[in-house]
Amino acid sequence: MSVFVTLILKLLPIYIVIGLGFWLTRLHKLDKDTLVKILIYLIAPVVIFSGVYSLDLSGKLLLVPLIFFCISSCLATLSFVINKKFKPQSMRGILAFTAGSGNTGYFGLPVAIALFGDSIIGLAVLLTFGFVMYENTVGFFLAARGGYSARESINKLLHLPMLYAFLLALILNFMNISLGSVYENFVPNFRGAYVILGSFVVGAALAGFRRHHVDLPALKRAFIFKFILWPIVVGLLIVLDKNYWQIFNDINNLYNVSFLISLVPLAANTVAYATLLKTEPEKTAFMVFISTIFAIIYIPLMTTYVLPAIT
């Protein structure tokens, strides 16, 4: 019960911002397309750059985000293949994107801190690096493929500023180039704006929601990948490493944080991408919102009863 209350208190500000996005969009007819463009073309690239630039990309820990990138890409590709005949076709790409991503930033990090303490912040950020790689390469390409050809999808991917922010941050990180105090003092403002605007966009998309936007088949398929296949795959890898491979068993809290990250709800970024690509943003917002509510009950149960059994 205490874990449930802790999650509610940690995530309450996010729900408030979602509610404000819903209410203000209904009241003032806000243009969510403009909000999404600000998020994707300005705020998100800076946040992604900052996150990748500040990571310690050395040693065997670097393998962990690569493993998560591979899991994300494989599950997303599997979803895209399985949902070949899913209607409407535009949801095929969104379902593929959700299969490989998760709300690691707005949801996963606060929950990880609530459950395991501030000492895991660096580790949690490192794990989300794998999702960042996926979302800005394979994930966005598959999301676009739901409504566009392969060539058009690649073209849209190449116009995504987060991709270049990601690559530039990698280069500067490996070259160990310092950007000075001005950068260090200014960038935290973008991180706060990222969480607020990202949550606001979910509410703004929900403002356009109508009963016909309830897509239970899509929701069911998204839930199977996010809440069943993800923890099974990550849980199996944890058991194999702990009992046989023993590659990461000396890294404190890695198993705990890895399993938690596999339980997070659908990524809020999915709504921004669906809005940008014009692929059912209202249906997507509904799925993201329902999965976030579900995760509040699901995560305490899984971390209380399943996590101890595999770690």
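Residues numbered from 1 in each chain as written. Predicted model: local features only at pLDDT ≥ 70, side-chain atom pairs only at ≥ 80, totals over all residues. Heavy atoms only, no water.

Here's the deal with the packing of aromatic side chains
Phase 1: Evaluated as defined, the whole model comprises 16 aromatic pairs.
Phase 2: Ring pairs connect the aromatic residues Phe97, Tyr134, Phe140 and Tyr273, which therefore count as one cluster.
Phase 3: Just above the ring of Phe80 sits the side chain of Arg92; from NZ or CZ to the centre is 3.6 Å.
Phase 4: Sitting over the face of the ring of Tyr148, Lys156 holds its NZ or CZ atom 4.6 Å from the ring centroid. (Phe/Tyr/Trp six-rings, centres within 6.5 Å; stacked < 30°, edge-to-face > 60°. Lys NZ or Arg CZ within 6 Å of the ring centre and 35° of its normal.)

Things to note about the packing of helix H2 (residues 32-53) against helix H12 (residues 269-277)
Phase 1: For the pair H2 and H12, interaxial distance at closest approach is 9 Å and the crossing angle is 115 degrees. H2 and H12 meet at a crossing whose hand is left-handed. Every residue of H12 that contacts H2 at Lys32, Asp33, Val36, Leu39, Ile40 and Tyr41 is listed here: Ala272, Tyr273, Thr275 and Leu276. (Axes fitted to C-alpha atoms, helices over the stretch in contact; angles between N-to-C directions. Helix = DSSP H or I, 4+ residues; strand = E, 2+ residues; numbered from the N terminus. Left-handed = near helix turned anticlockwise from the far one by under 90°. Contact = heavy atoms within 4.5 Å.)

A word on helix H8 (residues 161-174)
Think of an α-helix as 3.6 residues a turn; residues three or four steps apart then line up on the same face.
Phase 1: With 14 residues, H8 should cover 20 Å at 1.5 Å per step; its first-to-last C-alpha distance of 20 Å lies within 8% of that length.
Phase 2: Burial in H8 covers these residues: Met162, Leu163, Ala165, Phe166, Ala169, Leu170, Leu172 and Asn173.
Phase 3: Contact partners of the buried residues in H8: H2, helix H6 (121-145), helix H7 (150-158) and H12.
Phase 4: Within two residues after H8, Asn176 carries a phi angle of roughly 55 degrees, on the positive side. (Expected span 1.5 Å × (residues − 1). Buried < 20%, exposed > 50% of the residue type's maximum accessible area, 1.4 Å probe, protein only.)

Quick notes on helix H11 (residues 254-261)
Phase 1: The buried fraction of H11 amounts to eight of the eight residues, a majority that puts the element mostly inside the structure.
Phase 2: Turning to H11, its buried residues are Leu254, Tyr255, Asn256, Val257, Ser258, Phe259, Leu260 and Ile261.

Looking at the nonpolar core
Nonpolar side chains in soluble globular proteins tend to end up buried together.
Phase 1: Counting residues in each nonpolar core, the largest one holds 105 residues, and the members touching the most others are Phe68, Phe129 and Met287.
Phase 2: Of all the elements, H6 adds the most residues to this core, at twelve residues.
Phase 3: Excluding its chain neighbours within four sequence positions, the residues that come into contact with Phe68 are Leu127, Gly130, Phe131, Trp230, Val234, Ser258 and Ile261. (Core = buried A, V, L, I, M, F, W, Y, C linked by side-chain atoms within 4.5 Å.)

So, to be careful, I would describe these as geometric facts and stop short of saying anything about function.
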